[in-house]
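Chain and residue survey
So the chains spell out like this:
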Amino acid sequence: MKRLKWLQFAALVLAVACVLPLPHASAATVTVDPTIRVGLFFGSSALPGANLLNDVGSGYRFGYFDESLEFVTLGNTSETAISMVKTQNVWYGKIDNWSGYYDTITSDIAVGCWHLQLPQTYSDFAQASAAAAQYAGGFPAWVDGVYYVRVGNYLDATAAQAAQVTLGLTDATAVTASGAGVSVVKTGTSTILFQFDSTSGQYLAVKPGLDDSVKTETYFRGYSYFGAFQYRRSDGNLTVVNVLPLEDYIQGVVIQEMSPTWPLEALKAQAVCARTYAYRQILSNSYSQYGAHVDDSTSFQVYNNTEESSRASEAVNATYGQMMFYDGNAIEAFYFSTSCGHTTDGSAWGTDGSSTPYLRATELRDRKETLDLSSNEAFSEFIKNKDYPAYDQSYPMYRWEAEITAEELTARVSDIGTVTNLEVNERGPGGIAKVVTITGTSGKRELNGQTEIRNVLGSADMEITRKDGQTQSGFSILPSAYIAIEPRTGPDGVLRFHIYGGGYGHGVGMSQNGAQGMAKEGKDYKEILEFFYEGAEIRE
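In this text the structure is predicted, and so the values were computed from the model without any measurement. (Residues numbered from 1 in each chain as written. Predicted model: local features only at pLDDT ≥ 70, side-chain atom pairs only at ≥ 80, totals over all residues. Heavy atoms only, no water.)

Here we look at the overall build of the chain
Note the threshold: The way it works is that DSSP assigns letters per residue, a run of H or I at least four long becomes a helix, a run of E at least two long becomes a strand, and they are numbered from the N terminus. A 1.4 Å probe rolled over the protein chains alone gives each residue an accessible area, and that area as a share of the maximum for its type sets the label: buried under 20%, exposed over 50%, partly exposed in between. Calculation of accessible area relied on Shrake-Rupley with a 1.4 Å probe; when residues are assessed, cover is drawn exclusively from the protein chains displayed. Working convention for charge: Lys and Arg count positive, Asp and Glu count negative, and His plus the chain ends are omitted. Charge coordinates come from a single atom per side chain, which is NZ of Lys, CZ of Arg, CG of Asp or CD of Glu.
Looking only at helices and strands, one finds ten helices and 34 strands in the chain. Projected onto its principal axes, the C-alpha positions of the chain cover 90 × 55 × 35 Å. Out of the 540 residues in the chain, the part that is buried amounts to 55%. Surface accessibility of the chain: about 21,500 Å² in total, with carbon and sulfur atoms responsible for 48%. If you average the places of the 39 positive and of the 60 negative side-chain charges in the chain, the two averages end up 3 Å apart.

Side note on the sheet that holds strand β18 (residues 223-225)
Cut-off, in case you're wondering: Any two strands with at least two DSSP bridges between them are considered paired. Fitted lines through C-alpha atoms give the axes, limited to the stretch in contact for helices. The angle between two N-to-C directions lies from 0 to 180 degrees. Between two residues, a contact is recorded if the distance between any of their heavy atoms is within 4.5 Å.
Ordered by their spatial adjacency, ten strands build an open sheet running β13-β10-β12-β11-β15-β14-β6-β3-β17-β18, and the pairing between neighbours is mixed. Of all the strands in the sheet, just β13 (173-176) and β18 have a single pairing partner and so form its edges. On average, each strand axis in the sheet is inclined to that of its neighbour by 30°, with strand direction left out of account. Pairing geometry for strand β3 (residues 49-56) and strand β17 (residues 217-220), over three bridges, is antiparallel. Bridge pairing links L53 to Y219 in β17. Sitting on the sheet, helix α2 (residues 157-167) is in contact with β10 (114-117), β12 (146-154) and β13, with an inclination near 35° to β10.

Structural notes on helix α3 (residues 246-257)
Rules: In this analysis, the expected span of each helix is defined as 1.5 Å times one less than the number of residues it contains.
Look at α3: 16 Å from first C-alpha to last across twelve residues, which is about the 16 Å you get at 1.5 Å a residue. When you tally the buried positions in α3, you get twelve out of twelve residues, the bulk of the element. For α3, the full list of buried residues reads L246, E247, D248, Y249, I250, Q251, G252, V253, V254, I255, Q256 and E257.

What about unusual backbone geometry?
Its identity as a non-glycine residue notwithstanding, N97 has a phi of 70°, on the positive side. Along the chain, N97 turns up in the loop between β7 (90-95) and β8 (98-102). On the accessibility criterion, N97 (70% relative accessible area) is exposed. With a phi close to 50°, D144 is a non-glycine residue in the positive phi region.

Here we look at the nonpolar core
For the record, the criterion: Side-chain atoms within 4.5 Å link the members of a nonpolar core, which is a set of buried Ala, Val, Leu, Ile, Met, Phe, Trp, Tyr and Cys residues.
Residues M84, L204, F220, Y231, Y249, M510 and Y533 are the most contacted members of the largest nonpolar core, which totals 106 residues. Ranked by residue count, the leading element in this core is helix α4 (residues 264-284), at eleven residues. Setting aside chain neighbours within four positions, we find Y231 in contact with A50, L52, M84, Y203, L204, V206, L238, T239 and V240. With 27 residues, the next largest nonpolar core counts I416, V419, V456 and I483 among its residues.

With respect to the sheet that holds strand β29 (residues 464-466)
Sheet strands pair via backbone hydrogen bonds, and the direction of the pair is either parallel or antiparallel. Spatially, the five strands line up as an open sheet ordered β30-β29-β25-β32-β31, and their pairing is antiparallel. Each edge of the open sheet carries a strand with a single partner, namely β30 (471-472) and β31 (483-489). Sheet topology places strand β25 (residues 400-405) next to β29; two bridges connect them, and they run antiparallel. Bridging from a neighbouring strand, E401 pairs with T465 of β29.

As for the pairing of strand β6 (residues 81-86)
Across the six residues of β6, five count as buried, placing the element largely inside the fold. By the bridge criterion, five bridges tie β3 to β6 in an arrangement that is antiparallel. When the bridges of β6 are listed, G49 appears paired with V85.

Notes on the confidence of the model for the chain
The following threshold applies: Values of pLDDT, the confidence the predictor places in each residue, fall between 0 and 100.
Residue-level pLDDT values for the chain average 91, and 92% of them are 70 or greater. Across residues 1-32, confidence stays below pLDDT 50; counting only partners more than four residues off in sequence or on other chains, it has 98 contacts.

Description of the pattern of salt bridges
Let me state the cut-off plainly: By definition here, a salt bridge exists when the distance from a side-chain nitrogen of Lys or Arg to a carboxyl oxygen of Asp or Glu is within 4 Å.
Considering all chains together, one arrives at 23 salt bridges under this definition. Here D468 ties to R466 by a salt bridge, and the two come within 2.7 Å at their closest N and O atoms. One network of salt bridges, in which partners are shared, links E363, R365, R367 and E369.

So, the packing of aromatic side chains
Spelled out, the test is: Any two of the Phe, Tyr and Trp rings considered here, Trp counted by its six-membered ring, make a pair once their centres fall within 6.5 Å; the pair's planes then place it as stacked at under 30 degrees, edge-to-face at over 60, or tilted in between. By the criterion adopted, a ring carries a charge over it if an Arg CZ or a Lys NZ lies within 6 Å of its centre and within 35 degrees of its normal.
Scanning the model with the defined rule gives 19 aromatic pairs in all. When the ring of F42 is compared with that of Y290, the centres are 4.9 Å apart and the planes differ by 40°; the resulting orientation is tilted. Placement of the pair is F42 in the loop between β2 (35-41) and β3 and Y290 in the loop between α4 and β21 (294-295), with a sequence separation of 248 residues. Taken together, a centroid distance of 6.0 Å and an interplanar angle of 45° make the contact between F379 and F382 tilted. Residue F379 and its partner F382 are located together in helix α6 (residues 376-383), separated by three residues, close to a single helical turn. Across the pair, F382 and F379 agree in class, each one buried. Members of the aromatic cluster, joined through ring pairs, are F41, F220, Y225 and F229. When the ring centre of F531 is taken as origin, the NZ or CZ atom of K368, which lies over that ring, is 4.7 Å away. Taking NZ or CZ as reference, R539 lies 5.2 Å from the ring centre of F325, over its face.

Re the pairing of β12
Each regular strand shows side chains that alternate between the opposite faces of the sheet. Among the nine residues of β12, seven are classified as buried, and the element is accordingly described as predominantly covered. With three bridges joining them, β10 and β12 adopt antiparallel strand pairing. Pairing of Q117 across the sheet is with R150, part of β12. Taken together, the six bridges between strand β11 (residues 138-143) and β12 define a ladder with antiparallel strand orientation. Paired with A141 across the two strands is Y148, which belongs to β12. The hairpin turn running from β11 into β12, its antiparallel successor, is two residues long, and D144 in that turn takes a positive phi close to 50°.

A closer look at the packing of α4 against helix α10 (residues 525-532)
When two helices pack together, their arrangement is given by the angle between the helix axes and the distance between those axes. The following threshold applies: Should an angle lie under 35 degrees it is considered roughly parallel, over 145 roughly antiparallel, and from 65 to 115 roughly perpendicular; all remaining angles are considered oblique. Left-handed is the label given to a crossing in which the near helix is rotated counterclockwise from the far helix by less than a right angle, and right-handed is the label when the rotation is clockwise. Under the grouping applied here, Gly and all other residues not named as nonpolar or charged are polar, the nonpolar ones being Ala, Val, Leu, Ile, Met, Phe, Trp, Tyr, Cys and Pro and the charged ones Asp, Glu, Lys and Arg.
Interhelical geometry of α4 versus α10 gives an angle of 55° and a closest axis separation of 8 Å. Taken together, the axis directions place α4 and α10 in an arrangement best described as oblique. Remark: the crossing between α4 and α10 carries right-handed chirality. Two secondary-structure elements touch here, α4 through E265, A266, K268, A269, V272 and C273 and α10 through Y525, I528 and L529. By residue class, the composition of the contact of α4 with α10 is seven nonpolar, no polar and two charged.

Here's what the structure looks like:
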């Protein structure tokens with residue numbers, strides 16, 4: 001994928017957010033280049049309208065995906081800019097720098113939800129289109145398997161009935177689509193090109209290009225995507241799902257998760273990780289209510305913030321179809337941005353680490369030992385050593401420091417009075433903070449697990465001082481839970497808690513910067529993956 005404008009690389013190395021392990025994924029179910037469905041807008045983010053603009057390829061096909069995810073064509077248009085809108089009244093305009101169709105009156109360009117339907121039915125799109133062309137504002141509509149011609153779009157039934165009289169369409173009926181309907185319009189106008197309305201569980205899909213002779217790329221909301229798009233109504237608005245081959249998706253993930261300037265072997269390792277991770281998500285089908293397998297954020301794998309890269313393509317192609325398995329099952333291929341010199345194991349989110357024996361707590365160096373960092377004293381000594389040897393020791397987030405005041409903590413927690421102390425009470429494998437206690441004048445609050453620890457202690461305005469001396473803010477949560485805490489009271493009498501931290505991300509599986517460091521030392525992608533996922537087997 002490519003983006004219309006380049007984003008700062010700092011945003012491109014976000015770690016994959018923690019998710020609970022999925023049921024075993026058997027090797028016997030592997031499919032070469034299966035189709036993946038990526039949720040782009042859904043739930044509370046669903047849209048009243050969604051624009052598409054041709055980049056590579058021209059025109060669009062309308063249809064739906066059958067149960068085998070085969071595209072069934074219902075119609076087409078040669079227009080290069082179209083929008084899918086819900087079959088409720090919408091207006092074209094600009095909100096938050098995005099031009100599109102909205103519920104609010106943003107201009108005099110409206111797409112009304114009432115139409116005049118002619119009584120004839122048609123056997124195919126060509127016949128319906130030819131008939132619709134005889135009427136100003138006419139368009140073909142596919143309603144539960146039958147083609148009709150509808151004319152005009154009006155904001156209410158009264159306006160539609162008045163138009164019926166004016167146009168002399170005495171045999172027409174004023175109709176509106178069901179709550180599942182979607183109209184395809186020429187972007188920036190009120191011209192409807194096609195209407196899809198199915199009450200039997202089929203959903204409008206739009207496939208860029210008038211045929212499959214060209215591998216299309218299509219702009220949507222500032223990004224360029226491969227594949228097709230599916231739209232379904234959700235609480236009135238449209239969910240938008242990108243439907244594409246898994247290998248195309250992996251290419252987008254690789255260049256999002258790593259810089260194209262990184263060594264090719266690191267990119268290959270990322271491709272195998274991303275493919276394995278995505279395959280498990282396809283099997284779990286956890287977003288089935290939205291018609292998706294995954295979304296495009298750090299909740300799964302980031303997919304939408306980059307430019308296309310020939311190096312990413314090379315990495316994906318060189319590892320085509322390769323995934324990691326352990327005891328015949330696809331592994332939990334977790335990865336994250338940067339280590340503190342030591343990873344943790346699969347118990348990081350409160351699950352039993354024995355179910356993922358390939359995810360080990362270990363040093364990131366050739367000797368690969370597991371250090372005893374369970375005490376605050378041992379971990380404090382370790383984390384304060386900025387030069388502790390590790391594959392990713394040269395990267396800025398390998399070590400960092402931050403501070404939070406007692407007053408700030410008091411404002412974030414309730415029912416414990418004024419905060420007087422903050423300390424780590426329990427550590428997990430590799431020294432990661434597992435339980436942190438906040439003590440106040442009238443009680444205590446325990447933070448359990450890295451997710452709660454990072455959320456409560458971190459904030460977007462916290463200033464992080466990195467190993468290279470540069471300061472950075474904007475982290476919504478603490479960069480990691482590999483932390484040591486020192487209470488300090490300054491000359492001003494203000495109690496502060498100084499945090500010595502290391503790494504960026506959850507610390508489970510592959511450190512992306514660790515992989516980069518290993519590749520720079522001459523290790524190939526298979527050696528990198530064997531290091532981080534011990535005992536896992538790469539299969540095609």
